[in-house]
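So you can see what is in the structure, the chains are spelled out below.
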Amino acid sequence: MQSLVTPSAGGWRLHGFRPTAEIEIVALLSEKKTLISSLLLEPVVQLVILAAGLQGAFQGAAFTDHYITWVFPGLVALQTLRAFSRTMYRTVLDRQWGMLTIKRLAGVTGTGYTLGKIVPSAIALSLQLCTLFLLVLVMGARFAIVPVIGTVAMAIIAAIFWSALAIIITGFVRDYIVRDMVVTWVMLPLSMAAPIFYPIETAPTYLQWIARINPLAYQVDAMRNLLLYGQFQVTGIVMMILTLIVLPLAVRSVSHGDALSSQGGR
Amino acid sequence: MFTHREGDDIALTIQGLGKRYPNDVWGIRHATAAFSKGRTVAVLGPNGAGKSTLIHMLAGAIQQTEGAITIADPNLRIGWSSQRTTIDWYLNTRQNIELGGRLYGLDRTTIRNRATELLARFHLSDLAETDVSMLSGGQQQRVQVARTLMSNPDIMLLDEPTAALDVESSADVLRLIRERTREGALALISSHDLGLLEQFCDDVLFVLNQRVMVHQSMAAFLRSVSPADEIVLSFAEPISAELEARLGHLSPHIEGDYRNRLRAALSPQISLADVLNLIDGTGMVIEASRERASLRDVYLQLTAKENLRCNH
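Here the structure is a predicted model, which means the values were calculated and not measured.

Cut-offs and rules
Residues numbered from 1 in each chain as written. Chains lettered and ligands numbered in written order. Predicted model: local features only at pLDDT ≥ 70, side-chain atom pairs only at ≥ 80, totals over all residues. Heavy atoms only, no water. Helix = DSSP H or I, 4+ residues; strand = E, 2+ residues; numbered from the N terminus. Buried < 20%, exposed > 50% of the residue type's maximum accessible area, 1.4 Å probe, protein only. Contact = heavy atoms within 4.5 Å. Areas by Shrake-Rupley, 256 points an atom, 1.4 Å probe, with all protein chains shown as cover. Lys, Arg positive; Asp, Glu negative; His and termini not counted. Charge placed at Lys NZ, Arg CZ, Asp CG, Glu CD. Buried area = accessible area lost by both parts, 1.4 Å probe. Salt bridge = Lys/Arg side-chain N within 4 Å of Asp/Glu carboxyl O. Nonpolar A, V, L, I, M, F, W, Y, C, P; charged D, E, K, R; others polar. Pairing = 2+ DSSP bridges. Polar contact = N/O pair within 3.5 Å; in protein donor to acceptor, adjacent residues only side chain to side chain. Axes fitted to C-alpha atoms, helices over the stretch in contact; angles between N-to-C directions. Parallel < 35°, antiparallel > 145°, perpendicular 65-115°, else oblique. Left-handed = near helix turned anticlockwise from the far one by under 90°. Phe/Tyr/Trp six-rings, centres within 6.5 Å; stacked < 30°, edge-to-face > 60°. 1 Å grid on protein atoms, 1.4 Å probe; cavity = no way out; pocket = protein on both sides within 12 Å on 5 of 7 lines; lining within 4 Å. Points joined across faces, edges and corners; volume = space filled by probe spheres on them. pLDDT = per-residue confidence, 0-100.

### Let's talk about the overall build of chain A
Move 1: Helix and strand content of chain A: 11 helices and 1 strand.
Move 2: The order of helices and strands in chain A, counted from the N terminus, is β-α-α-α-α-α-α-α-α-α-α-α.
Move 3: Along the first, second and third principal axes, the C-alpha set of chain A runs to 75 × 35 × 35 Å.
Move 4: For chain A, with 266 residues in total, the buried portion stands at 54%.
Move 5: Once local pairs closer than 6 in sequence are excluded, the contacts in chain A between residues at least 24 apart make up 84%.
Move 6: Summed over all atoms, the accessible surface of chain A reaches about 11,500 Å², with 70% contributed by carbon and sulfur.
Move 7: Treating the 18 positive side-chain charges of chain A as one cloud and the 11 negative ones as another, the clouds have centres 6 Å apart.

### Focus: the interface of chain B and chain A
Move 1: Listed as interface residues are 32 residues of chain B and, on the opposing side, 38 residues of chain A.
Move 2: Together, Arg 84, Tyr 90 and Leu 103 of chain B form the three largest contributors to the area buried by chain B at its contact with chain A, with a combined 25%.
Move 3: The partner of Arg 108 of chain B in a salt bridge is Glu 22 of chain A, with the nearest N and O atoms 3.4 Å apart.
Move 4: Secondary-structure elements contributing two or more residues to the side of chain B that touches chain A are strand S1 (10-20), helix H1 (51-59), strand S4 (66-71), strand S5 (78-81) and helix H2 (93-102) of chain B.
Move 5: Partitioning the side of chain B that touches chain A into residue classes produces 18 nonpolar, 8 polar and 6 charged.

### Examining the environment of Ile 25 of chain A
Residue and element names in this part refer to chain A.
Move 1: Looking at where Ile 25 falls in the secondary structure, it is placed in helix H1 (residues 17-30).
Move 2: You can call Ile 25 partly exposed: its relative accessible area is 28%.
Move 3: For Ile 25 and Val 119, which are 94 residues apart along the polypeptide, the C-alpha to C-alpha distance reads 7.7 Å.

### Section: the pairing of strand S8 (residues 203-208) of chain B
Residues and elements named next belong to chain B.
Move 1: In terms of residue burial, S8 counts as a mostly covered element, since 6 of its 6 residues are buried.
Move 2: The alternating pattern of S8 places Asp 203, Leu 205 and Val 207 and Val 204, Phe 206 and Leu 208 on opposite faces, both of which are buried.
Move 3: Pairing between strand S3 (residues 40-44) and S8: 4 bridges, direction parallel. Paired with Val 43 across the two strands is Leu 205, which belongs to S8.
Move 4: Of the strand pairs in this sheet, S8 and strand S9 (residues 211-217) are connected by 6 bridges, and their pairing is antiparallel.

### Describing the environment of Glu 201 of chain A
Move 1: Here Glu 201 of chain A is to be found in the loop between helix H8 (176-192) and helix H9 (205-212).
Move 2: Measuring from C-alpha to C-alpha, the distance between Glu 201 of chain A and Pro 215 of chain A comes to 17 Å, with 14 residues separating the pair along the chain.

### A word on H2 of chain B
Move 1: Of all 10 residues in H2 of chain B, 9 are buried, a share of seventy percent or more.
Move 2: Listed as buried for H2 of chain B are Thr 93, Arg 94, Asn 96, Ile 97, Glu 98, Leu 99, Gly 100, Gly 101 and Arg 102 of chain B.
Move 3: On its buried side, H2 of chain B packs onto H1 and helix H5 (99-105) of chain A together with helix H3 (108-121) and helix H4 (137-150) of chain B.
Move 4: With a side-chain oxygen lying 3.2 Å from the backbone nitrogen of Arg 94 of chain B, the N-terminal cap of H2 of chain B falls on Asn 92 of chain B.

### Regarding the packing of H2 of chain B against H4 of chain B
Residues and elements named next belong to chain B.
Move 1: The contact between H2 and H4 brings their axes to 6 Å, and the two run at 30°. One element, H2, and the other, H4, form an angle in the roughly parallel class. Handedness of the crossing formed by H2 with H4: right-handed. The segment H2 lies against H4, with Thr 93, Asn 96, Ile 97, Glu 98, Leu 99, Gly 100 and Gly 101 engaging Val 143, Ala 146, Arg 147 and Met 150.
Move 2: Residue classes in the contact of H2 with H4 are distributed as 5 nonpolar, 4 polar and 2 charged.

### Examining the packing of aromatic side chains
Residue and element names in this part refer to chain A.
Move 1: A full pass over the atoms with the stated rule returns 9 aromatic pairs over all chains.
Move 2: Taken together, a centroid distance of 6.1 Å and an interplanar angle of 25° make the contact between Tyr 67 and Trp 70 stacked. One end of the pair is Tyr 67 and the other is Trp 70, both in helix H3 (residues 67-80) and 3 residues apart, which spans about a single turn. The same class applies to Tyr 67 and to Trp 70, which are both buried.
Move 3: Consider the rings of Phe 72 and Phe 133, whose centres lie 4.8 Å apart with planes at 65°: the pair is edge-to-face. Taken as a pair, Phe 72 in helix H3 and Phe 133 in helix H6 (residues 110-138) lie far apart in primary sequence, 61 residues in all.
Move 4: For Phe 133, a relative accessible area of 12% puts it in the buried group.

### With respect to empty space enclosed by the protein
Move 1: Enumeration according to the criterion identifies 1 cavity of 30 Å³ or more in this entry.
Move 2: Its volume calculated, the largest cavity comes out at about 100 Å³.
Move 3: Around the largest cavity, the lining comprises 13 residues; the ones closest to its centre are Ile 102 of chain A together with Ile 78, Gly 79, Trp 80 and Tyr 104 of chain B.
Move 4: Of all the elements, S5 of chain B adds the most residues to the lining of the largest cavity, at 3 residues.
Move 5: Of the residues that constitute the lining of the largest cavity, the class distribution is 8 nonpolar, 4 polar and 1 charged.

### Some details on the confidence of the model for chain B
Move 1: Mean pLDDT for chain B: 89, with 97% of residues reaching 70 or above.
Move 2: For this predicted complex, the interface confidence score (ipTM) comes to 0.81, while the overall pTM stands at 0.80.

### Brief notes about unusual backbone geometry
Residue and element names in this part refer to chain B.
Move 1: Positive phi, normally seen in glycine, also occurs at His 30, with a value near 50°.
Move 2: Its location among the elements puts His 30 in strand S2 (residues 26-36).
Move 3: Phi is positive for Ser 251, close to 50°, though the residue is something other than glycine.
Move 4: Structurally, the position occupied by Ser 251 is in the loop between helix H8 (241-246) and strand S11 (253-255).

Right, here's the structure in full:
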C-alpha cells in the first residue's frame with residue numbers, strides 16, 4: 001500500500017511538463033485578441049510612440065547619441081514583465097477552480113507544472129521580441145548578431161524569473177480581486193522605477209534606492225550592457241541568481257500545501 | 001460498521017483522517033474506512049457534515065490535519081469532480097474534456113476518439129467547439145464529469161456530480177459511473193439525490209456531525225432502521241375476524257375508513273405469495289405490495305436519531 005500524502009510529490013522530476021505546456025499553449029492561442037494586443041500593440045506603443053516621443057527630449061543627452069538604440073534593451077526587459085501577469089492569471093485560475101488539484105492527481109510534478117507554465121510566456125515573448133527587433137531596425141538602430149542572441153536568452157531567463165515569482169505569489173492570493181490588485185501594484189511601480197526610459201544615474205536618490213531592490217532594474221542593466229556594449233556585467237549574474245532562487249520556491253509552492261484556494265472567480 | 005469484506009480487493013483506505021480549518025473548526029475527524037474495487041459508494045450526510053472535506057482530502061485538494069490516506073497501488077488513476085465548477089475557462093468544451101486524457105499521457109488518437117464518445121454520451125457533441133463560459137451550469141457539470149471519466153480512472157471521487165443536472169442526465173451520469181465500477185473501478189459519490197444513489201450504489205458511507213457514522217452495504221443500510229419489509233394489502237371489503245386471525249402471527253395493523261387495508265412487517269423468509277396463500281378465499285385482495293424502507297426513509301430516521309442523541 002502506498003501513502004497518498006501529496007499526490008504530486010515527485011521531487012524534481014519533470015513529469016507532466018509536456019501536457020501542462022500543451023494545455024498552456026492551447027490557452028494562449030485561445031486568447032487571440034490579447035495575443036495580438038501583446039504582440040503588436042504594446043511594442044508599437046512603447047517603441048514607436050513613447051520612446052520616439054521621448055527621443056526629442058533626450059536630444060544631445062550625454063548618455064547616448066541615439067536614444068531609440070539606448071532605450072531598446074529596456075523595452076526588451078519590459079516585455080518580460082508580461083510573463084508575470086500571464087502566469088499569475090493562469091495559476092490563480094488553476095488554484096481557484098481546482099485545476100491544480102486535477103493536475104496533481106494526474107501526477108504532474110511541481111517542476112513539470114512550473115516549467116510547463118513558463119513555455120507559453122517564452123513563446124509569446126519570443127514573438128514580441130521579433131516585433132520589437134523589426135521595428136527598431138526600421139527606426140535606424142543596428143546591433144551585432146551575437147549580443148542580440150544573448151539578449152534574447154537573457155530575456156527568456158527574465159521571463160522565467162517573473163513567471164516563477166507569479167507562481168509563488170499565487171499561493172497567497174485567495175480571489176481574483178486580490179490577483180488583479182497584485183498585478184497592478186507589481187507591474188506599474190516596477191516598470192516605472194526601472195531605468196527603462198531614463199538612466200538611473202540622473203534619477204533622484206530615492207529612485208536609485210528603489211532600483212537597487214527592483215529585479216527589473218538589474219535585468220534592464222544586464223541587457224543594455226550586453227546589447228549595446230557587448231559586456232556581461234555583474235547585474236547579469238544577479239539576474240541569474242535571482243532566477244535560480246525563485247524557481248525552486250515556485251516548484252515548492254505548487255507541490256506542497258492545499259491545491260485549492262477558497263473562492264471561485266475568473 | 002464494516003470497512004471491507006473478506007477477499008475484497010481494497011483500492012483506498014483512510015485511517016483516522018481529520019481536517020481542521022484555519023478558523024479551528026474541524027471539517028471531519030477520525031474518519032476510518034476501507035473501500036474496495038468495483039464498488040459504487042454513496043457518501044451521504046447533511047450539508048456541513050464533512051462529505052466535501054473528506055472528498056477534497058482524498059483528491060489532495062486540501063491537506064489533512066491528521067490521519068492517513070493509502071492507495072493500494074500508486075499507478076491507480078484517480079479522477080475528481082468537485083462540487084464547484086472545475087473548468088479551464090480558456091479552453092472550449094472539447095479541449096476541457098481532452099485535458100483529462102492529455103494529463104495522463106494518452107496518445108492523440110485515443111484522446112480524440114474517447115472525447116468524441118464522451119461528448120456524445122453527455123449530449124455535448126453540438127457544443128464541442130463552444131467556449132465553456134457559454135454553457136449552462138448543467139452542461140458545465142457534464143463537461144467536468146466527462147473530463148473525469150476521460151482517463152478511465154480507477155478511483156472516482158465525485159462530489160455532487162448531478163447537482164445541476166436534469167433527471168435524465170443525472171441517471172445517464174450515474175449509469176456511466178456504474179459501468180466503470182462494474183469494470184473494477186471504485187466510485188465515491190456524494191449527492192443529495194437519494195433516489196438515484198439507492199438505485200446505483202452498492203455501499204453507503206454515512207457522515208454526520210463531522211464523523212463517519214456508518215460504512216456498510218446499501219442493503220444492510222436499508223435494513224438498519226427497520227430490518228423487515230412491509231406488506232400492504234387492500235381488500236374489496238372490510239377485513240373479517242377470520243382473516244385477521246389467520247394473519248395474526250404477522251401482527252397486522254388494520255387501517256382505512258372501512259378497515260379494508262392491512263399493513264404488516266414481513267421477514268425476508270416469507271414471500272408475498274405465502275401471505276396470499278394464507279388468505280385463501282377469506283377476502284378479495286384488490287391490491288398487494290411489498291415495501292421496504294427507502295434510502296430517504298433510513299437517512300431521515302438516522303439523521304433525526306443522531307441529532308436527538310446529540311441534543312441530549
